[in-house]
Amino acid sequence: MKYLIQFCSLLLFTVAAFAQPSGKHDLHFTSLAKSWDEGIPLGNGMVGAIIWQKDGRLRFALDRSDLWDERPMKGLHRPEFSYAWVHEQVKKNDYAVVQKYFDAPYDREAAPSKISGGALEFESKDWGEAERVHLSLTNAVAEVKWKNGVVMKTFVHATEPVGWFRFENVTASFVPEIKTPGYKNTKGLPLDSLKSNDPAKLGYAEGTITKGNNSITYIQLGWNGFEYQIVVEWKQLDATTVEGVWSVSSNYYKQNKPASKYVQQAFKRTYNKDLTTHANWWKDFWSKSSISIPDENLETQYYREQYKFGATARKNAPPILLQGVWTADNGRLPPWKGDYHHDLNTEMSYWPAYSGNHLDEAMSFINHLEDNKDNYKRYTKLYFGNDGINVPGVSTLNGTEMGGWIQYALSPTVSGWLAHHYYLQWKYSNDKKFLKDKAYPWFREVAKYFEGITEKKTDGFRELPISSSPEINNNAINAWFTKTTNYDLFLIKFVFASAAEMATELKQPSEADRYRKILSEFRNYELNANNELMYAPAYDYNESHRHFSHAMAIHPLGLIKWEDGEKSRTIIKNTIAKLDKLGGENWNGYSYSWMANMKARAKDGEGAVKALEIFAKAFTSVNSFHVNGDQTKSGYSKRTYRPFTLEGNFAFASGLQDMLLQSYAGFIEVFPAIPSSWKNTSFTTLRAEGAYLVSATMKDGKVKEVKIYSEKGGTTRLKLPASNYTVASSKRVYVSKMPGDFVELCFKKDGVVVLSF
């Protein structure tokens, strides 16, 4: 019987004491890093800095997310630039010319590419060696202490495009220097998209450096009128204290003020006032959610991942690039041009935003896609000959195609995977306006494109003319399949099923029926005789591979759910077991992070922990950066290189969150995939679908309490972690016991309930 629990001694829905990361999670070193990718990272989504030591000098590697050379990829847009022409070449078994025209330019040409800004250097040799280097995650302030007593404190302001530094106990005057990226210092470095290129190949004139009284300005002209500026200004506060501000500006992205203006404004506000507003932003960020697990190494890695997410994602800044706001400071252009890779990298980077309760930061991705819709439509019409929206799998800041391995760089289903982020933003926010104005229009355009590009065959099922599965068979002709791969099929089916769900929610039944009809025209996914997901008809997962593209339906799409019953569980278990059996020989670090997410969906806590442990131990640098290859050379992968990218870091955080809370199956489940050894575990205000904030506590292996707060109101179900429970307190919520292990919760807006077990 449904009943209203009367309000009695309502417990306030507040964040517990462990909501903030503690000192044990911070970065601590006894010396400055000698390699840029081991330095201290600071950032705010728009500008960033890495603090390290180069040739005995303190160095701030400065970056800004919209520093780009966006010239069109030379040779790409020729008359043959079309999906139909590529299809014909595949049918003729004449593929070398496709590789020459569309794959080769990406490696051959230095641009388009993300570019680095430059660096600040301080002569520090007279201070002796640094003996303490510390980054506080709580307030994103770095501190360095040298043996002679000099102390430097520095931070990148959380909301302004400026960085502050303050030196204390300085007995001699010093002047910082701006170091340029070396656009004129040709080093004769080989062209290679992974190892990256010599910046001089961009052909820029060397920028100008102007020195004033306690200030330096560097102005660099780029391609086609692009210009950026670095300004640093400092002042002597007293005989032993120096404060300074730097900024990086560009004439590209939603900003008209030069760096000099931001520096002047910062000085008017003062160091202490900026430190206060900066620290308050980070306090609010950390208050959104927290976890406490009895594994100190994994908990530490988690908070460092959350810190990097907070440092790289802002609603009104460009979305997270391969390297975020920390473009490689090694005198070269960044690996893979530092671009937007939409065949895994950008998508993984936002996985933790949703259940981590950081929806505002996730909007940077959505807003980027919205801003570039017209460009995507141009590309879709030009290359695929269809209306609607597809997105280049490899793109510049403004969404323009760059070529590369075109099975993925020009994949026919990229917009479907990106649609998943619109879907998650809607489901976790329960924002009807967002659904109406952004999510559903995106799905409608993607569905239009998918309907137009697929063809009905004689068996009555729709197929893509040619299909691929990242990054199976690399860029060879046999990376194209004549039958739609599971990867492409899952994305297409997800789009039509979700479009129907959205249309129903918006009370448009005829559109919903139409999407369901088109959905029925696609065949089922491919399984082998052992009920394992395959890449494509007659093509099994038969060797270790870094990308689990054939298993998209398990995670992230959730089309095959553990909760659907024994058949689905068999498919999930067997598919994951096959991945384990063939092993990680050809995996990257992000593969282990992804595996943790998949095992969490399979309710395998021990397996998820093992994958996360391997990632943290073998595939991260000392500063927690994901460096792709096995740094321990222990056999976790034969890939032992170290290009830094961020997606593995953020997929790690997502995997841990999925172990603690799941809601993708239509109900809320706490601690769905934790190992039996985690007897004392808790989390606060992780977000569930439907705009519910959930907190839960486990002590001595038993769940003691679950709190749920509803932002928008609505009805959800909670899977009871134990059969005996009491409603400790509630407000604005009806509670009903359901058959089996569930309770139904009907919330009014701002309703809250606390269940004790």
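Just so we're clear, the structure is a prediction, and the values are computed from it rather than from any experiment. (Residues numbered from 1 in each chain as written. Predicted model: local features only at pLDDT ≥ 70, side-chain atom pairs only at ≥ 80, totals over all residues. Heavy atoms only, no water.)

Novice: Tell me about the pairing of strand 26 (residues 692–699), and please be specific about residues and values.
Specialist: Summarising burial for strand 26: six of the eight residues are buried, a large majority. Hairpin geometry of strand 25 (residues 681–688) and strand 26 is characterised by an intervening segment of three residues between the two adjacent antiparallel strands and by a positive phi of about 100 degrees at G690. Across eight bridges, the pairing between strand 26 and strand 27 (residues 702–710) is antiparallel. Its bridge partner lying in strand 27, M698 is registered against V703. (Buried < 20%, exposed > 50% of the residue type's maximum accessible area, 1.4 Å probe, protein only. Helix = DSSP H or I, 4+ residues; strand = E, 2+ residues; numbered from the N terminus. Pairing = 2+ DSSP bridges.)

Novice: Which residues make up helix 12 (residues 432–453), and what are the values?
Specialist: Look at helix 12: 30 Å from first C-alpha to last across 22 residues, which is about the 32 Å you get at 1.5 Å a residue. The largest bend along helix 12 measures about 35 degrees and falls at A439, with the proline P441 one to four residues further on. The N-terminus of helix 12 is capped by D431, whose side-chain oxygen sits 3.0 Å from the backbone nitrogen of K433. (Expected span 1.5 Å × (residues − 1). Bend = angle between axes of the 7 residues up to and from the residue. Polar contact = N/O pair within 3.5 Å; in protein donor to acceptor, adjacent residues only side chain to side chain.)

Novice: Could you give an account of helix 1 (residues 83–91), naming the residues involved and the relevant values?
Specialist: Where helix 1 is concerned, the buried positions are Y83, W85, V86, H87, Q89 and V90. Summarising the contacts, the buried residues of helix 1 are in contact with helix 2 (96–108), helix 9 (373–384), helix 10 (406–409) and helix 12. (Contact = heavy atoms within 4.5 Å.)

Novice: Any chance you could break down unusual backbone geometry for me, citing the residues and the numbers?
Specialist: With an omega of 10 degrees, the peptide bond running from A111 to P112 counts as cis. Omega for the bond connecting P470 with E471 falls within 30 degrees of zero, at -20 degrees, which places this linkage in the cis form. Note on placement: E471 falls in the loop between strand 22 (462–463) and helix 13 (486–505). Look at K337: it is not a glycine, yet its phi comes out positive at around 60 degrees. For K337, the location among the structural elements is in the loop between helix 5 (296–312) and strand 19 (340–341). For K337, a relative accessible area of 3% translates into the label buried. Located in the positive-phi region is N628, a residue other than glycine, with phi close to 70 degrees. The residue N628 is located in the loop between helix 17 (605–618) and helix 18 (647–660) in this model.

Novice: Run through the sheet that holds strand 12 (residues 162–168), naming residues and quoting values.
Specialist: Across a sheet, paired strands are connected by hydrogen bonds in the backbone, their directions being either parallel or antiparallel. Strand order in the open sheet formed by nine strands is 2-9-10-11-12-17-16-15-14, with antiparallel pairing between adjacent strands. A strand with exactly one partner marks an edge of an open sheet, and here the two such strands are strand 2 (27–29) and strand 14 (208–212). Mean inter-strand twist for the sheet, computed between neighbouring axes without regard to direction, equals 10 degrees. Here helix 4 (residues 271–287) sits on the sheet and contacts strand 10 (141–146), strand 11 (151–156), strand 12 and strand 17 (241–250); the angle it forms with strand 11, its principal contact strand, is near 55 degrees. (Axes fitted to C-alpha atoms, helices over the stretch in contact; angles between N-to-C directions.)

Novice: Give me the packing of helix 1 against helix 2: which residues, what numbers.
Specialist: At a closest axis distance of 9 Å, the pairing of helix 1 and helix 2 adopts a crossing angle of 150 degrees. What the angle tells us is that helix 1 and helix 2 run roughly antiparallel. In this structure, helix 1 contributes W85, V86 and Q89 to the contact, and helix 2 contributes V97, V98, Y101 and F102. Tallied by class, residues from the contact of helix 1 with helix 2 come to six nonpolar, one polar and no charged. (Parallel < 35°, antiparallel > 145°, perpendicular 65-115°, else oblique. Nonpolar A, V, L, I, M, F, W, Y, C, P; charged D, E, K, R; others polar.)

Novice: Can you tell me about the packing of aromatic side chains, naming the residues and giving the values?
Specialist: Enumeration according to the criterion identifies 69 aromatic pairs in this entry. Relative to F167, the ring of W127 lies with its centre 5.6 Å away and its plane at 50 degrees, an arrangement referred to as tilted. With W127 in the loop between strand 8 (118–122) and strand 9 (130–136) and F167 in strand 12, this residue pair connects regions lying 40 residues apart in the sequence. For F167, a relative accessible area of 0% translates into the label buried. Between the aromatic rings of F496 and Y515, the centroid separation amounts to 6.3 Å while the plane-to-plane angle is 50 degrees, which identifies the pairing as tilted. (Phe/Tyr/Trp six-rings, centres within 6.5 Å; stacked < 30°, edge-to-face > 60°.)

Novice: Describe the environment of K315, naming the residues involved and giving the relevant values.
Specialist: Note on placement: K315 falls in the loop between helix 5 and strand 19. Relative accessible area serves as the criterion here: at 41%, K315 is assigned to the partly exposed category. As a C-alpha pair, K315 and S364 span 49 residues in sequence and 4.2 Å in three-dimensional space. The contact partners of K315, leaving out residues within four places of it in the chain, are D360, M363, S364 and N367.

Novice: Tell me about the nonpolar core, and name the residues and values.
Specialist: Within the largest apolar cluster, 227 residues are counted, with the highest numbers of intra-cluster contacts made by V86, F167 and W246. Take this core: its biggest share by element is twelve residues, from helix 13. Leaving out residues up to four positions away in the same chain, V86 has contacts with Y95, V98, F102, Y383, I406, I466 and W480. Within the second largest apolar cluster, twelve residues are counted, among which are F155, V162, F267 and Y271. (Core = buried A, V, L, I, M, F, W, Y, C linked by side-chain atoms within 4.5 Å.)

Novice: Now, about the pairing of strand 4 (residues 47–54): what can you tell me, with residues and values included?
Specialist: Here strand 4 lies mainly inside the structure; seven of its eight residues are buried. Both strand 3 (residues 40–43) and strand 4 contribute to a ladder of four bridges, which runs antiparallel. Its bridge partner lying in strand 4, I40 is registered against I51. Once strand 3 ends, the chain turns through three residues before running back antiparallel as strand 4, passing G45 with a positive phi of about 90 degrees. Remark: two residues form the turn of the hairpin made by strand 4 and strand 5 (residues 57–64), two consecutive strands paired antiparallel; D55 in that turn has positive phi of roughly 50 degrees.

Novice: Give a detailed account of the side chain of R523, specifying residues and quantitative values.
Specialist: Mapping R523 onto the fold places it in the loop between helix 14 (509–519) and helix 15 (566–582). A distance of 3.0 Å separates the side chain of R523 from the side chain of E463, its partner in a polar contact. Residues contacting R523, with those up to four places away along its chain left out, are F461, E463, K483, T484, L489, K493 and P537.

Novice: Which residues make up the sheet that holds strand 4, and what are the values?
Specialist: Read from one edge of the open sheet, five strands run 3-4-5-8-13, paired in antiparallel fashion. Whereas interior strands pair on both sides, the edge strands pair on one side only; in this sheet they are strand 3 and strand 13 (177–179). Going across the sheet, the axis of each strand differs from the next one's by a mean of 25 degrees, ignoring polarity.

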